[in-house]
Each structure stands twice: as C-alpha cells, then as structure tokens.
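An overview of the molecular structure
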Amino acid sequence: GESVSPAAASSFDIDGVIAVMTEYGLTGNDIAAVFSHTPSVAMMRARPMENEVQSEDVNVERKSSCLEQTLDRAFVGLLSETLKLRRYDARKVLRASPGLLTSKGSSSAVQVVDLMVSLGSSTNSLARDKTSLPTLLCRSPALIFRLVAFLSSAQIKVPLSAIGPILRQRQSAVLLNAVAPVKRTITLDAYDAIATENVTSSNTESKILGYLKVDNTLRQQKIEESYRTIEAVAGVLRRSAGIRDFGKILTSHPDAFFLNVTNIHMLTRYLREDVGMTKDDIGKAIQTFPTLLEQDVTKVEGVVEFLLAIDVNEDDVPSILRSFPATLLLDIEGDMVPVISFLRGIGVRNVGRFVTRLPPVLGYSVEDDLKPKWSFLKEVCQFDYFEVVRFPAYFSYPLERVIKTRYEYLRDCKQIPIQLARVDDVLRFGDRDFATEIALDNDDGVAFAKFVEERWGDKHPSIRSKKKQKKRKMK
C-alpha cells in the first residue's frame, strides 16, 4: 500500500523544498539526513505565499510557517546568530535534529534557549556543548519548565540561577530523558513499515496516528513515574540524612535521584544505627560524595569492619566517613590491603592511628605515590620513620611540585642542612610562608617563586615555551 495518496503527493513541492534548503547552504547529505529523519519537512510549503500576512498568534504561525520561515528562525536566527555557531556546526546540529525545521520544532527550540538563558546559562556555554545541544533543542519547553518548577520548589530547593548550569551539564541527560524526553518521530523506515501493513492510504494515516497516540501515552506515563521516583528518593534523603538543599547532588550526580530507594534507606540506617553517624554527618557525606548512594550496604559494612580490624578507634569512624566518604568506595583487597602492608613494611606499628590521621592514604597507589615519596624521604631525612609517623600528611603532598622543590631549594639555594629539618616545617606552610619562615628569605617569597617556575619549566619544557609565546603576544 502507499503511505501518501496521489492527490496529497501532487500538492507537495519537493523540488521547491530542496531549492530553498540549498539556497540556505545545506548540502545534499544534509538534505538527505533531514528527509530520512523527519519526512514531513519534504511536505512543507517551500516559500511564503504572495501577499501572506504574518500572524501575531504564535500557534497560527506555527501551523502556517513555510520552510523558508523555519530556516530563518532555526538555522539563521537561533543557531547562527543567537548561539553563534559556525555554518559547519549549525548544519551538523540540523542533521542531528532535523525536527528544528518544522514549524513547531523551530519555535520550541527558540523557547528552550530563552528558558535556559533565563535560568543562568549563557548562549556561549550552550553552544560549546555541541554533543548534547541537538537533543536539548528538541526537548519540550513546557516539560523543561515543569522540571524547573519542581527543582525550585520547597521539596528540592535549588535556586533558579543554578538550574540552567545543572541542566546543561552532560550528566543531567538521564534526568532530562526521564522527565523531558524527546518525542519520537515517524522516520522513513517507520513510514515504510506501517505502509506495508495496510492497503489504503487512509488506513496508513490511521495507523500512524495510533502509533503516535500510544507513544505519547507511554511517554506521559514514564514522565509521571520518573517524578514519583525523584520525590521518593528526595523524601528518604530528607528524613534519613536531613538534606534540604539538593543542589550539590544535582550538580555532581543527578543520577542519584533514580537509584533504589530501599537501598538508600538501608544504607543511611546502617550508617546511623551501626556506625554511629549523626543525621548531619550522613547528609554532609552524601552531599560531598553522592556516589556513596550507589553502594551496596554489604560492601559498606565490609569497609567499616576492615577499618575496625586495623585498629581504627570505633569512635573515630563516623568523623572519618563524614570527612572522607570516598573511603567507603575503596576496594579492600585492591586498594587498602596493599597500603596497610606498605605502612607495616616501613615500620608503622599503629596503622589504625596513622590511617585516622590521614584517611585518604588508604586510596593512594603504593607504586605511584607511597614508594617514591618514601624513597625520597629516606634520602633527605635522617629520622625518616619518626618524621613520617609524627606527620603522616607527608604522603599527601605532590612529590615533584612541593616535596622535592622545597628540599632542593633549602639544600641548593640556601645551603641549609636538610637532614635535620622537620618534615612538617618544610611542607605545611604555603609557598610564601615557607620562603620567609623556613628558608628565611626577606624578599616576600620572590626568589622561591622564581626557583619554582624555573624548576617546573625544566621538568615541563612545553609549558615554559607556551608562557614565552604568551609574553611575546602581550608585548
């Protein structure tokens, strides 16, 4: 059967449509991609009718827009002028979202950009993310507005100015797909599949309408279900972790709102009742590290039991997890056991106390971090073991940028005997205070800053050459 009746087909001016698209700079590949994804574009009126009066009613304009008008609105006005995309990038966006050339699609895209800008996103930032831009422009402005209203409500409490940047980021795609999904379109393949099942064009039209109606119903059901899931997760986090402002979680891990509510409830209850963390402790840990919500309770229990097994004081565990919640994501055999073996190997007897004073050490690489820093300390410090036990934070400082740089400055530039220098004195100050308090410079840190720059330039020649090029341009 045919998908379009001969009478209807005769009214289409496909040659005129192709001519207009070519005039606007679209290539054959662009036009083919548009027709394949959104065949209705081929059926649009190519140009305005003579003496056509532009209506002020947006809905009337949407229905009556010809292709030339939608190209002006979407391709020229929105993509090229408002978002300032290069012609090549604008064509790429059209190929990815050809629905922008329909009357409704072009108007909706303009509204989406206006809405995002009003929410704190700049047109530059929208244009920069060329991967997600086509999908964003195809979303319903009404559904995005509903999401904005929900996020800024008393339930979630995200400031309006922060919502735009949150929705723009790539990791928010899951959230947007759940509550503002892009409408499915009838592609040429779908037209063919439907047409082969029917004998008459009227049956085909009826089938297409039925297909779209079912899809819209399922889409609406999915949206409502997604909002119920978000509300349930937010409710658990409010009650169990005292979280009121969900902005931080949305910014770093919007997927958290679609996690298993039961697991979140069990996790927060375990941390509160068995570990002894307060509601505020749990809230702070989750907001600092939302990935924590993905963890299975049994894995978290295993990490806590490991901490207790290496003699971390039970009373210290809540404060460790509050300040360093990423500890709960570490692999016991792969991450923590090698670190404990290394610490015991260099003579640390009370590893529990050592870990309590520097919890992130459990996630450090033995080969890349701990061994190189320990080897250097043995070279420059007479009482290496005592110094590192007294000042575990030694292992947290960058080896090249801070540790070696400061010891070399004291030894080579100041001729200070470094073997007897206290490690915490050398490292705990900022650069300026180190230069004046420890190296005893009286130039407000200028000489040390120059030493750091030259040493860093020697280690990274490409950075030095870039800085020189920058200076030449400034001159």
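Residues numbered from 1 in each chain as written. Predicted model: local features only at pLDDT ≥ 70, side-chain atom pairs only at ≥ 80, totals over all residues. Heavy atoms only, no water.

1. Topic: the overall build of the protein chain
Across its full length, the protein chain carries 28 helices and zero strands. The buried share of the protein chain, taken over its 475 residues, is 43%. Total accessible area on the protein chain stands at roughly 24500 Å², and carbon and sulfur atoms take up 52% of it. (Helix = DSSP H or I, 4+ residues; strand = E, 2+ residues; numbered from the N terminus. Buried < 20%, exposed > 50% of the residue type's maximum accessible area, 1.4 Å probe, protein only. Areas by Shrake-Rupley, 256 points an atom, 1.4 Å probe, with all protein chains shown as cover.)

2. Examining a positive patch on the surface
On the surface, a cluster of positive charge is made up of Lys157, Arg244, Arg269, Arg272 and Lys279. Relative to the helices and strands, Lys279 is located in helix 17 (residues 279-288). (Patch = residues over 30% accessible without salt bridge, like charges linked within 9 Å, V, L, I, M, F, W, Y side chains within 5 Å. Salt bridge = Lys/Arg side-chain N within 4 Å of Asp/Glu carboxyl O. Lys, Arg positive; Asp, Glu negative; His and termini not counted. Charge placed at Lys NZ, Arg CZ, Asp CG, Glu CD.)

3. Quick notes on the nonpolar core
Of all hydrophobic cores here, the largest spans 134 residues; its most connected members are Met21, Leu167, Leu271, Leu321, Tyr394 and Phe395. In terms of residues, this core owes the most to one element, helix 14 (residues 201-241), which gives eight residues. Non-local contacts of Leu167, meaning those with residues more than four positions away in its chain, are made with Met116, Ile144, Leu147, Val148, Leu151, Ser172, Leu175 and Leu176. (Core = buried A, V, L, I, M, F, W, Y, C linked by side-chain atoms within 4.5 Å. Contact = heavy atoms within 4.5 Å.)

4. Some words on helix 11 (residues 160-168)
Turning to helix 11, its buried residues number three or more, namely Ile163, Gly164, Ile166 and Leu167. The elements touched by buried residues of helix 11 are helix 7 (103-118), helix 10 (141-151), helix 12 (173-179) and helix 15 (247-252).

5. Topic: the pattern of salt bridges
Pairing is possible between side chains that carry opposite charge, provided their charged atoms lie close to one another. Within the structure shown, the criterion is met by 25 salt bridges. Glu400 is paired through a salt bridge with Lys404; the nearest N and O atoms lie 3.3 Å apart. Residue Glu400 and its partner Lys404 are both found in helix 24 (residues 399-413); the two are separated by four residues, about one turn of the helix. Take Glu400: its relative accessible area is 27%, and that puts it in the partly exposed class. Across the pair Asp431 and Arg406 runs a salt bridge, and its minimum N-O distance is 2.8 Å. Taken as a pair, Asp431 in helix 26 (residues 431-438) and Arg406 in helix 24 lie far apart in primary sequence, 25 residues in all. The exposure class assigned to Asp431 is partly exposed, which follows from its relative accessible area of 29%. Take Arg406: its relative accessible area is 3%, and that puts it in the buried class. One salt-bridge network, in which partners are shared between bridges, spans Glu387, Arg390, Arg422, Asp424, Asp425 and Arg428.

6. Looking at helix 7
When the terminal C-alpha atoms of helix 7 are compared, their 23 Å separation across 16 residues agrees well with the 22 Å that a helix rising 1.5 Å per residue should span. Where helix 7 is concerned, the buried positions are Ser103, Gly105, Ser106, Ser107, Ser108, Ala109, Val112, Val113, Leu115 and Met116. (Expected span 1.5 Å × (residues − 1).)

7. Quick look at the packing of aromatic side chains
Within this structure, the stated rule accounts for 12 aromatic pairs. An aromatic cluster is defined as three or more aromatic residues linked by ring pairs; in this entry it consists of Phe342, Phe354, Tyr394 and Phe395. Over the ring of Tyr364 we find Lys373, and its NZ or CZ is 5.9 Å from the ring centre. (Phe/Tyr/Trp six-rings, centres within 6.5 Å; stacked < 30°, edge-to-face > 60°. Lys NZ or Arg CZ within 6 Å of the ring centre and 35° of its normal.)

8. A few points about a nonpolar patch on the surface
Judged by side-chain polarity, Phe383, Phe386 and Leu420 come together as a nonpolar surface patch covering roughly 360 Å² of accessible area. Relative to the assigned elements, Phe383 resides in the loop between helix 22 (366-380) and helix 23 (384-390).

9. Things to note about the environment of Val312
One can find Val312 in the loop between helix 18 (297-309) and helix 19 (317-323). Since its relative accessible area comes to 4%, Val312 is described here as buried. For Val312 and Val351, which are 39 residues apart along the polypeptide, the C-alpha to C-alpha distance reads 7.9 Å. Once residues within four sequence positions are removed from consideration, Val312 is found in contact with Leu307, Val317, Ile320, Gly352, Val355 and Thr356.

10. Side note on the packing of helix 24 against helix 26
One way to put it is that helix 24 packs onto helix 26 with a least axis distance of 12 Å and a crossing angle of 25°. Relative to helix 26, helix 24 is oriented roughly parallel. Crossing of helix 24 against helix 26: the hand is right-handed. Residue-level contacts link Arg401, Arg406, Tyr409 and Leu410 of helix 24 to Asp431, Phe434 and Ile438 of helix 26. Residue classes in the contact of helix 24 with helix 26 are distributed as four nonpolar, no polar and three charged. (Axes fitted to C-alpha atoms, helices over the stretch in contact; angles between N-to-C directions. Parallel < 35°, antiparallel > 145°, perpendicular 65-115°, else oblique. Left-handed = near helix turned anticlockwise from the far one by under 90°. Nonpolar A, V, L, I, M, F, W, Y, C, P; charged D, E, K, R; others polar.)

11. Looking at the environment of Asp281
For Asp281, the location among the structural elements is in helix 17. With 37 residues separating them in the primary sequence, Asp281 and Pro318 have C-alpha atoms 7.5 Å apart. Asp281 has contacts with Pro318 and Arg322, leaving out every residue within four places of it along the chain.

12. Focus: the packing of helix 5 (residues 67-82) against helix 6 (residues 87-96)
Where helix 5 contacts helix 6, the two axes come as close as 10 Å, and the packing angle between them is 120°. Looking at the two axes, helix 5 sits oblique to helix 6. Relative to helix 6, helix 5 is oriented so that their crossing is right-handed. On the side of helix 5, the interface is formed by Phe75, Leu79 and Ser80, while helix 6 contributes Arg87, Ala90, Arg91, Val93 and Leu94. Of the residues contributing to the contact of helix 5 with helix 6, the split by class is five nonpolar, one polar and two charged.

13. What to know about the side chain of Thr268
For Thr268, the location among the structural elements is in helix 16 (residues 261-273). Take Thr268: its relative accessible area is 1%, and that puts it in the buried class. A distance of 3.0 Å separates a polar atom in the side chain of Thr268 from the backbone oxygen of His265. In contact with Thr268, not counting residues within four places along its chain, are Ser240, Ile282 and Ile286. (Polar contact = N/O pair within 3.5 Å; in protein donor to acceptor, adjacent residues only side chain to side chain.)

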